[in-house]
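# A structural walkthrough
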Amino acid sequence: MHATPILEEADRLMTVCNSCRYCEGLCAVFPAMEMRCSFSDGDLNYLANLCHACGACYTDCQFSPPHEFNVNVPKILAIARADSWAAYAWPRAFAGLFARNGLAISIICALSVAVFVFGFAALTDRQVLVGVHTGPGAFYALMPHNVMAALFGIAFLYAIIALAMGMRAFWRDIGEPVGMLIEPASLWQAMKDAGKLRYLDGGGVGCVNEDERPTDHRKIYHHLTFYGFLLCFAATSVATLYHYLLAREAPYPWWDLPVVLGTLGGIGLLIGPAGLLAEKFRRDPALVDEKRSGMDVAFIVMLFLTSLTGLALLLWRDTAAMGPLLALHLGVVFALFITLPYGKFVHGLYRYAALVRYARERRMMGHT
Ligand code: SF4
Ligand code: SF4
């Protein structure tokens, strides 16, 4: 007996697939499945998070609907995956944020932006808010650096703790010792697989869309989004080092490292999410967990808005628009930070952890 009807269905499908094994070359899910004769809840959650949702095993399956076996691995694993994220949420009281995620993120984002805009207006006089401020320290005319650092430091720390607690729950659920997480060879292999999105290619042909013609578009847009996010994170980290180690205050000139990294990352975070959104509407509806579509869209839109407001601030930072744009950008980034543990962002962490386990299992079986 499994904890939910979806896990029951996932067990049924994995049992059918384990007899068939036609798809074993498509991705990591099928070889991992073949290492097991029966499936616990944790095994199924592990397989669900290992799946990259390329859709190939649905298109290739001779038992997919209308066949009476009704095999639809991508959809059932997508539902099980999203269910598992809610089950691992910390604190538990916030697990419900995964259910109506699109609505929850929209409300939190709107509130966060409103608080920053009205907060700036209340704490500074109008001349400061719409005034022109240039040169080092210009941003801090609207909000002292220490207040900004404390606010975002707390939000970031909260997100890190909540994500780490979620990861701990996942690790316990799949029944692995914590020590395994620090095995360098498995960590490195998983990093390479995640960095290349090795299993988002349907066995080499690409992701399947509504017209059943596989393409690499999702993989390319995902790369732009992921590496764009990393570059923006690097820009913020370098700026923090500049501030505390070199006593150099933002904003920096356009040729300086934080601005170059942030601009390149921002461009990736505009094109990548826009492309992912477009690809989302081209997906075969049979593969999609419709109830969680809002969660995907909310995260994509949040990344896009983070980049859009950041680049707008860069372009118009020497004008009177700087104050309102800074409030808008900080509001969006703050909302992004505090909602990271309760939305689509978590897929990256759990999938990476599943890849670490898979790498270890492969090595134990004598594969590279
Ligand atoms: S998805 Fe279909 S074709 Fe692929 S292994 Fe499972 S039953 Fe076989
Ligand atoms: S959808 Fe793609 S990644 Fe997921 S199980 Fe099927 S082939 Fe593997």
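Before reading on, note that the structure itself is shown above.
Residues numbered from 1 in each chain as written. Chains lettered and ligands numbered in written order. Predicted model: local features only at pLDDT ≥ 70, side-chain atom pairs only at ≥ 80, totals over all residues. Heavy atoms only, no water.

This part covers the overall build of the protein chain. Within the protein chain, the secondary structure is distributed over 14 helices and 0 strands. In the protein chain, the succession of helices and strands from N to C terminus is α-α-α-α-α-α-α-α-α-α-α-α-α-α. Judged by the C-alpha coordinates and their principal axes, the protein chain covers about 70 × 45 × 40 Å. Taken over 368 residues, the protein chain has a buried fraction of 51%. (Helix = DSSP H or I, 4+ residues; strand = E, 2+ residues; numbered from the N terminus. Buried < 20%, exposed > 50% of the residue type's maximum accessible area, 1.4 Å probe, protein only.)

A word on the nonpolar core. If you look at the biggest cluster of nonpolar residues, it comprises 74 residues, and the most contacted ones within it are Phe30, Leu50, Val73 and Phe170. In terms of residue count, the dominant contributor to this core is helix 5 (residues 73-88) (9 residues). Excluding residues that lie within four positions of it along the chain, Leu50 makes contacts with Ala28, Val29, Ala32, Ala354, Leu355 and Tyr358. Phe120, Val238, Leu330 and Val333 belong to the second-largest nonpolar core, a separate cluster that totals 29 residues. (Core = buried A, V, L, I, M, F, W, Y, C linked by side-chain atoms within 4.5 Å. Contact = heavy atoms within 4.5 Å.)

Moving on: empty space enclosed by the protein. Applying the stated rule across the entire model yields 4 cavities of 30 Å³ or more. Taken as a whole, the largest cavity holds about 110 Å³ of empty space. Of all the secondary-structure elements, those providing two or more residues to the lining of the largest cavity are helix 2 (29-34), helix 4 (56-59) and helix 5. When residues of the lining of the largest cavity are assigned to their parent elements, the largest contribution, 3 residues, is made by helix 5. Within this model, the second largest cavity holds a volume of roughly 80 Å³. (1 Å grid on protein atoms, 1.4 Å probe; cavity = no way out; pocket = protein on both sides within 12 Å on 5 of 7 lines; lining within 4 Å. Points joined across faces, edges and corners; volume = space filled by probe spheres on them.)

All right, on to helix 10 (residues 217-245) then. Given a rise of 1.5 Å per residue, 29 residues ought to cover 42 Å, and the 41 Å separating the end C-alpha atoms of helix 10 matches this to within 8%. Within helix 10, the full set of buried residues consists of Arg218, Lys219, Thr225, Gly228, Ala235, Val238, Ala239, Tyr242 and His243. Of the surrounding secondary structure, the elements contacted by the buried residues of helix 10 are helix 8 (145-173), helix 9 (184-196), helix 11 (257-280) and helix 12 (293-315). Positive phi appears at Ala247, one or two residues downstream of helix 10, with a value of about 55 degrees. (Expected span 1.5 Å × (residues − 1).)

Turning to the side chain of Arg357, a few remarks are in order. Mapped onto the elements, Arg357 comes out in helix 14 (residues 346-364). The buried category is assigned to Arg357, whose relative accessible area is 6%. Setting aside residues up to four positions removed in sequence, Arg357 forms contacts with Arg36, Asp43, Tyr46, Trp171, Ile174, Glu176 and Met180.

This part is about the site of ligand 1. Near ligand 1 you find Val16, Cys17, Cys20, Arg21, Tyr22, Cys23, Phe30, Cys57, Cys61, Gln62, Phe63 and Val71, and these make up its full shell. Counting atoms within 2 Å of the grid points, the majority share of ligand 1 lands in the second largest cavity. The biggest single contributor to the shell around ligand 1 is helix 1 (residues 5-20), with 3 residues. Across the shell around ligand 1, the residue classes break down as 10 nonpolar, 1 polar and 1 charged. (Near = heavy atom within 4 Å. Sits in = over half its atoms within 2 Å of the grid points. Nonpolar A, V, L, I, M, F, W, Y, C, P; charged D, E, K, R; others polar.)

Another point: the site of ligand 2. Around ligand 2 lies a shell formed by Leu26, Cys27, Val29, Phe30, Cys51, His52, Ala53, Cys54, Gly55, Cys57, Val73 and Pro74. Taking a 2 Å distance to the grid points as the criterion, the majority of the atoms of ligand 2 fall inside the largest cavity. Contributions of two or more residues to the shell around ligand 2 are made by helix 2 and helix 5. Tallied by class, residues from the shell around ligand 2 come to 10 nonpolar, 2 polar and no charged.

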